[in-house]
Amino acid sequence: MAVDSRKLKKSWKVSMSKMAENTFNPIRSIVDGMTLTPNPEKDMIALSIGDPTVFGNLPQPVTCEEAVQESIRKRSYNGYCPSIGYTEARQAVADYVSTPTAQVEASDVVLTSGCSGALEMVIACLADPGQNILIPRPGFSLYKTVAVSLGIRVKHYDLLPERSWEIDLQQMENLIDDDTAAIVVCNPSNPCGSVFSEEHIRDILSTVAKFRLPLIADEIYEHFVFSGFKYHSFASLSKDVPILACGGLTKRYLVPGWRMGWIIINDRHDALSEVRIGLSKLSTRILGPNTLVQAALPRILKDTPKFFYTETLDYIQENARIFYNALREMPGLEPVMPQGAMYMMVGIDMESYPEFKSDVEFTQRLVTEESVFCLPATCFEYPNFFRVVLTVPKEKAIEACQRIRQFCEFHFQPTSPLISGNGYSITNGKHRNGYHAVTELSTEAGK
Ligand SMILES: Cc1ncc(COP(=O)(O)O)c(C=O)c1O
């Protein structure tokens, strides 16, 4: 049969789609671009991976294990489920997240593949290509990765280290324009480890309410707060602002690989009726997350003993104290004491380390010399900081601090008082604008 010659391609080369081409994870590209050759005389301590299972020191609760074993034994969960998830599983999530001021039902819950799946779905549902969403800086990189791949623009609002990483609300307000489709907030925060106060959440909600925008609340670290601090969900304080809250089992139950997440539709003023349909439509692309874990959800969420949560958090808080107390004494470093989640941000006075052009170079050399790897905060669009993961075994935390001290003492070069790249002033590792005082207050409250 004769073939139309115009249909014949000259080469076998298959090109990738524009969406794939535009999918860009800054953490991967920055880390892959670093030369990470550890010192062969020292074993590697990775303080870089936000996966609490890597060291094996923080086991998941027994309820998780038993509940999934039971799901397998029942042999009733091997088929497809409704694309938004089984009703019993959604009801269990609704019971778990409901508060006296924000009651939700199974019909308000969409189960997703991890919190990442939830974030991808809500961003895709709320914004069209060409519109923009507001996201935090420093912030979790996935928001931008997802948005940009969909042709949605991002605008960054700043979190302020000198105010325990509260949002610069005036700046956030100034960024809102006619094309803004939604605002993303993350509380407790990755990478900052901050926990917003009730008052600050109310202020955020009042700002957003003025513009009648929906909020995407990334609450994957919900309840993950240290003693002395209190967690409030955004929905529990929202009278007017419609909120799509994204959460999951990942962090609190220490099972990131199980990929169980959810979206909670916290409607107000019936604003989200169309979005509700949109989420349901989008869910049909994947047909729901893992059925075995869905079936285990009611037991996991109801029966996990309280002591599991407190033991995990006490462990992480103890590490936070170890790192904070050690790093604050090191020349040219300024840790910000976290209040929850599992991270600490540490400012680097780059002028005191003239050998290194950036946080990327600083952290890269720390690997070469001391085999300690911390993520440069350039990965979170926030240069001159690095992030420490706090889930490591205690002895490794202590060892890492000793090595970082050695590194800093060797490379530090005293300078006169200066202004750091992020715009606040540091004097020999101490910020002159009161920032240090704020972080000390946080430590006290966290004891
Ligand atoms: C702030 C934040 N949101 C979402 C996620 C993604 O969670 P999941 O692993 O459930 O997709 C993470 C994971 O580290 C995170 O830190």
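Residues numbered from 1 in each chain as written. Predicted model: local features only at pLDDT ≥ 70, side-chain atom pairs only at ≥ 80, totals over all residues. Heavy atoms only, no water.

## Remarks on the environment of Arg321
Phase 1 of the analysis: One can find Arg321 in helix α11 (residues 306–327).
Phase 2 of the analysis: For the pair Arg321 and Glu120, spaced 201 residues apart in sequence, the C-alpha to C-alpha distance is 34 Å. (Helix = DSSP H or I, 4+ residues; strand = E, 2+ residues; numbered from the N terminus.)

## Considering the packing of aromatic side chains
Phase 1 of the analysis: Inspection of the entire model under this criterion finds 18 aromatic pairs.
Phase 2 of the analysis: Ring geometry for Trp165 and Phe385: centres 5.7 Å apart, planes at 65°, overall edge-to-face. On the criterion of sequence distance, the pair formed by Trp165 in the loop between β4 (153–160) and β5 (166–167) and Phe385 in strand β14 (residues 385–389) is long-range, its members being 220 residues apart.
Phase 3 of the analysis: Residue Trp165 is classed as buried on the basis of its relative accessible area of 1%.
Phase 4 of the analysis: Between Tyr221 and Tyr343, the ring centres sit 5.8 Å apart and the planes meet at 85°, which makes this aromatic pair edge-to-face. Of this pair, Tyr221 sits in the loop between β7 (215–218) and β8 (243–248) while Tyr343 is found in strand β11 (residues 343–348), placing the two residues 122 residues apart along the sequence.
Phase 5 of the analysis: The exposure class assigned to Tyr343 is buried, which follows from its relative accessible area of 1%. (Phe/Tyr/Trp six-rings, centres within 6.5 Å; stacked < 30°, edge-to-face > 60°. Buried < 20%, exposed > 50% of the residue type's maximum accessible area, 1.4 Å probe, protein only.)

## Examining the UniProt feature "modified residue: N6-(pyridoxal phosphate)lysine" (unreviewed entry) in the chain
Phase 1 of the analysis: When the UniProt feature table is mapped onto this chain numbering, "modified residue: N6-(pyridoxal phosphate)lysine" (unreviewed entry) sits at Lys251.
Phase 2 of the analysis: Here Lys251 shows up in the loop between β8 and β9 (260–266).
Phase 3 of the analysis: For Lys251, the residues in contact, after removing those within four places along its chain, are Gly50, Ile220, Tyr221, Phe224, Met342 and Tyr343. (UniProt positions renumbered as here; feature names shortened; annotations may be inferred. Contact = heavy atoms within 4.5 Å.)

## Quick word on the sheet that holds strand β10 (residues 333–336)
Phase 1 of the analysis: The strand order β10-β11-β14-β13 describes an open sheet built from four strands, whose pairing is antiparallel. Both outer strands of the open sheet, β10 and β13 (375–376), are each paired with one neighbouring strand and no more.
Phase 2 of the analysis: When β13 meets β14, the two strands line up antiparallel, connected through two bridges. Looking across to β14, one finds that Leu375 is bridged to Arg387.
Phase 3 of the analysis: Packing against the sheet, α11 makes contact with β10, β11 and β14, and its axis sits at approximately 10° to β11. (Pairing = 2+ DSSP bridges. Axes fitted to C-alpha atoms, helices over the stretch in contact; angles between N-to-C directions.)

## Some remarks on the domain arrangement of the chain
Phase 1 of the analysis: If you check the domain split of the chain, you get domain 1 (23–57 + 307–445) and domain 2 (62–303).
Phase 2 of the analysis: Distance from the C-alpha centre of domain 1 to the C-alpha centre of domain 2: 27 Å.
Phase 3 of the analysis: Counting residues at the interface gives 37 residues for domain 1 and 34 residues for domain 2.
Phase 4 of the analysis: With both chains or domains summed, domain 1 and domain 2 bury close to 3,300 Å², and 64% of this area falls on carbon and sulfur atoms.
Phase 5 of the analysis: Sorting the residues of domain 1 by area buried against domain 2 places Tyr309, Gln339 and Glu381 first, and these three jointly supply 21% of that buried surface.
Phase 6 of the analysis: Applying the counting criterion to the domain 1 and domain 2 interface returns one salt bridge.
Phase 7 of the analysis: For Lys144, the salt bridge goes to Glu381, with nearest N and O atoms at 2.8 Å.
Phase 8 of the analysis: The tally of links between domain 1 and domain 2 comes to 13 residue pairs in polar contact (both at pLDDT 80 or more).
Phase 9 of the analysis: Mapped onto the side of domain 1 that touches domain 2, the elements with two or more residues apiece are α2 (26–32), α11, β11, β14 and α14 (435–445).
Phase 10 of the analysis: Counting residues per element, the side of domain 1 that touches domain 2 draws most heavily on α11, which supplies seven residues.
Phase 11 of the analysis: Residue classes in the side of domain 1 that touches domain 2 are distributed as 24 nonpolar, ten polar and three charged. (Domains from an automatic or database assignment. Buried area = accessible area lost by both parts, 1.4 Å probe. Salt bridge = Lys/Arg side-chain N within 4 Å of Asp/Glu carboxyl O. Polar contact = N/O pair within 3.5 Å; in protein donor to acceptor, adjacent residues only side chain to side chain. Nonpolar A, V, L, I, M, F, W, Y, C, P; charged D, E, K, R; others polar.)

## Overview of helix α6 (residues 142–149)
Since one α-helical turn is 3.6 residues long, residues separated by three or four positions face the same way.
Phase 1 of the analysis: Taking burial as the measure, the eight residues of α6 include six buried ones, the bulk of the element.
Phase 2 of the analysis: Within the span of α6, buried status applies to Leu142, Tyr143, Thr145, Val146, Ala147 and Ser149.
Phase 3 of the analysis: Looking one or two residues past α6, Gly151 carries a phi angle of roughly 80°, positive in sign.

## A look at the sheet that holds β4
Phase 1 of the analysis: Read from one edge of the open sheet, eight strands run β2-β9-β8-β7-β6-β3-β4-β5, paired in mixed fashion. Of all strands in the sheet, those bounded by a partner on one side alone are β2 (109–113) and β5.
Phase 2 of the analysis: Across two bridges, the pairing between β4 and β5 is antiparallel. Each residue of the ladder has a partner; that of Leu159, found in β5, is Ile167.
Phase 3 of the analysis: Packed on one face of the sheet, helix α5 (residues 114–126) meets β2, β3 (132–137), β6 (180–186), β7, β8 and β9 and runs near 120° to β2.

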